[in-house]
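What the coordinates show
Take a look at the letters that make up each chain.
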Amino acid sequence: MTSQFAKYHGLGNDFILVDNRHQSEPCITPEQAVKWCDRHFGIGADGVIFALPGQGDTDYTMRIFNSDGSEPEMCGNGIRCLARFIADLEGRSATDTIAYQIHTLAGVIIPKLEADGRVTVDMGLPRLLAKEIPTTLAEAEEKVISRSLEVAGQTWEVTCVSMGNPHCITFVDDVAAVPLAVIGPQFEHHSVFPQRTNTEFIEVVKSDYLKMRVWERGAGITLACGTGACASLVAGVLTERCDRRATVELPGGCLEIEWSAADDRLYMTGPAELVFTGEMGYPS
Ligand code: ZDP
């Protein structure tokens, strides 16, 4: 048995997209996804994303498996790739400007294809209470802004934001100097984060320009993270470090992020590109 797939990336955050419109459960298991994501023994990707039938009023459902087989609630770069993948499956032209209502474990998310090929996503509302992250760093009903966290023998000042999935943000003077591969896993698995966490380090270059590096829950160091860029802008506004609209520079390129004062929602604009299509056997 083989399955058709397509590889897409958003700023080098790369995903295997699967046309799963015929059934409501993913057609491969998390264990098989781990094998597909392996960069030496498989196709190679940061995650596998399934385009499933919509639920309620939505057009489609998105589900994701991280490269370690865990299932996150949402994926910002991934949903831009999903929108482009669906438009390609539907045979739409590259300049078609269509918006899709996508059901996710983080609620309804709305990506819109732009005429220039980029995708703008209504990422919904940020969630700020400790119980929503979730984290035990503060009381359940409190926000987690500039709290102390001990990691690797050092005290870090962290702010936590959920975009459906958990993020722990630390502002630093020099993002290039952060030993990400060493401390990233220690943040991810810290006992104050019962669902583990994505971890972002941010250097504020100007109030409307941030540099970010990310350690992703279930995927490690990646070249970009859309939910992380949104969460980091929110953290920057909450700690009065940045404007509500900023460019976020990631190792893979730039995202434009806005936390709208009008409706409190996050809007993210960035690219989503097809890399190749292929056919893959189902590994046992
Ligand atoms: O929350 C998690 O477990 C993440 N690894 C999900 C993926 C997030 C992502 N990088 C994004 O762009 O939001 C895909």
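Computed from a predicted structure; not experimentally measured. (Residues numbered from 1 in each chain as written. Predicted model: local features only at pLDDT ≥ 70, side-chain atom pairs only at ≥ 80, totals over all residues. Heavy atoms only, no water.)

**Topic: the overall build of the protein**
This is how it is decided: By the criteria applied, helices consist of DSSP H or I runs no shorter than four residues and strands consist of E runs no shorter than two, each listed in order from the N terminus. Each radius of gyration reported is based on C-alpha atoms, and the globular scaling rule is 2.2 Å times the count of residues to the power 0.38. For each residue, the accessible area found with a 1.4 Å probe, counting protein chains only, is set against the maximum for its type, and the residue is called buried under 20%, exposed over 50%, and partly exposed in between. Throughout, the Shrake-Rupley method with a 1.4 Å probe supplies accessible areas, and for residues the shown protein chains are the sole cover considered.
When helices and strands are tallied, the protein shows 4 helices and 17 strands. Against the globule reference of 19 Å for 284 residues, the protein gives a C-alpha radius of gyration of 18 Å, in line with a compact fold. Here the protein holds 284 residues, and the buried ones make up 56% of them. Carbon and sulfur atoms form 49% of the exposed surface of the protein, whose accessible area is close to 11,600 Å².

**A short note on the side chain of N13**
Selection rule: Each polar contact in these results corresponds to two N or O atoms within 3.5 Å; when the atoms are within protein, one needs to be able to donate a hydrogen and the other to accept it, and residues that are neighboring in sequence are counted only if both atoms are side-chain atoms. Should any heavy atoms of two residues lie within 4.5 Å, those residues are counted as being in contact.
With respect to the helices and strands, N13 occurs in strand β2 (residues 13-19). Within the local environment of N13, its side chain forms a polar contact with the side chain of N77, the two groups lying 3.0 Å apart. Those residues in contact with N13 that sit more than four places away from it in its chain are Y8, D46, N77, E216, T222, L223, A224 and C225.

**Quick look at the pattern of salt bridges**
Rules: Each salt bridge in this description consists of a side-chain nitrogen of Lys or Arg and a carboxyl oxygen of Asp or Glu lying within 4 Å of one another.
Within this structure, the stated rule accounts for 20 salt bridges. Of the charged contacts in the structure, one is a salt bridge between D46 and R39, with a shortest N-O distance of 3.0 Å. What makes D46 buried here is its relative accessible area of 9%. With relative accessibility at 48%, the residue R39 sits in the partly exposed group. Taking the shortest distance from any N to any O, the salt bridge between E71 and R63 comes out at 2.8 Å. Note on E71: relative accessible area 30%, which makes it partly exposed. Sharing partners across several salt bridges, the network here consists of K7, D14, R39 and D46.

**Thoughts on the site of the ligand**
Quick reminder of the rule: Put simply, a residue is near a molecule or strand once any heavy atom of it comes within 4 Å of that molecule or strand. Nonpolar residues are Ala, Val, Leu, Ile, Met, Phe, Trp, Tyr, Cys and Pro. Charged residues are Asp, Glu, Lys and Arg, and all others, Gly as well, are polar.
Lining the immediate surroundings of the ligand are 16 residues, of which C75, G76, E216, G226 and T227 lie closest. A distance of 2.6 Å is found between an oxygen atom of the ligand and a backbone nitrogen or oxygen belonging to G76. For the ligand, an oxygen atom lies 3.0 Å from a polar atom in the side chain of N165. Here the ligand, which alone exposes 380 Å², has 99% of that area covered by the protein. Partitioning the shell around the ligand into residue classes produces 6 nonpolar, 8 polar and 2 charged.

**Description of the pairing of β2**
This is how it is decided: Whether two strands pair comes down to DSSP finding at least two bridges between them.
Most of β2 sits inside the fold, with 6 of its 7 residues counted as buried. Here 5 bridges tie strand β1 (residues 2-10) to β2, and the two strands are oriented antiparallel to one another. Residue pairing for β2: K7 is matched across the bridge by I16. The antiparallel hairpin formed by β1 and β2 contains 2 residues in its connecting segment, where L11 sits at a positive phi of about 60°. Alignment of β2 against strand β3 (residues 47-53), held across 5 bridges, turns out to be parallel.

**Describing the nonpolar core**
Basically, it comes down to this: Side-chain atoms within 4.5 Å are what join buried Ala, Val, Leu, Ile, Met, Phe, Trp, Tyr and Cys residues into a set we call a nonpolar core.
Core analysis: the biggest nonpolar cluster contains 56 residues, and M62, L82, I257 and L266 have the highest contact counts within it. Among residues more than four places away in sequence, those in contact with M62 are I49, F50, L52, M74, C75, G78, I79, L82, I102, H103 and T104.

**Quick notes on the environment of D38**
Positionally, D38 belongs in the loop between α1 (30-37) and β3. What makes D38 partly exposed here is its relative accessible area of 28%. Taking the C-alpha atoms as reference, D38 lies 29 Å from T120; in sequence the two are 82 residues apart. Contact partners of D38, with chain neighbours within four places excluded, come to I43 and G44.

**Remarks on the packing of aromatic side chains**
This is how the line gets drawn: The aromatic pairing rule takes the rings of Phe, Tyr and Trp, using the six-membered ring of Trp, and pairs them if the centres are within 6.5 Å, calling planes under 30 degrees apart stacked, those over 60 edge-to-face and the rest tilted.
Scanning all chains against the criterion turns up 8 aromatic pairs. With a centroid separation of 6.2 Å and 50° between ring planes, the pair formed by F5 and W36 is classed as tilted. Residue F5 is located in strand β1, and its partner W36 is located in helix α1; the two are separated by 31 residues in the primary sequence. With a centroid separation of 5.3 Å and 70° between ring planes, the pair formed by F50 and F65 is classed as edge-to-face. With F50 in strand β3 and F65 in strand β4 (residues 60-66), the pair connects residues that are 15 residues apart, well separated along the chain. Residue F50 is classed as buried on the basis of its relative accessible area of 0%.

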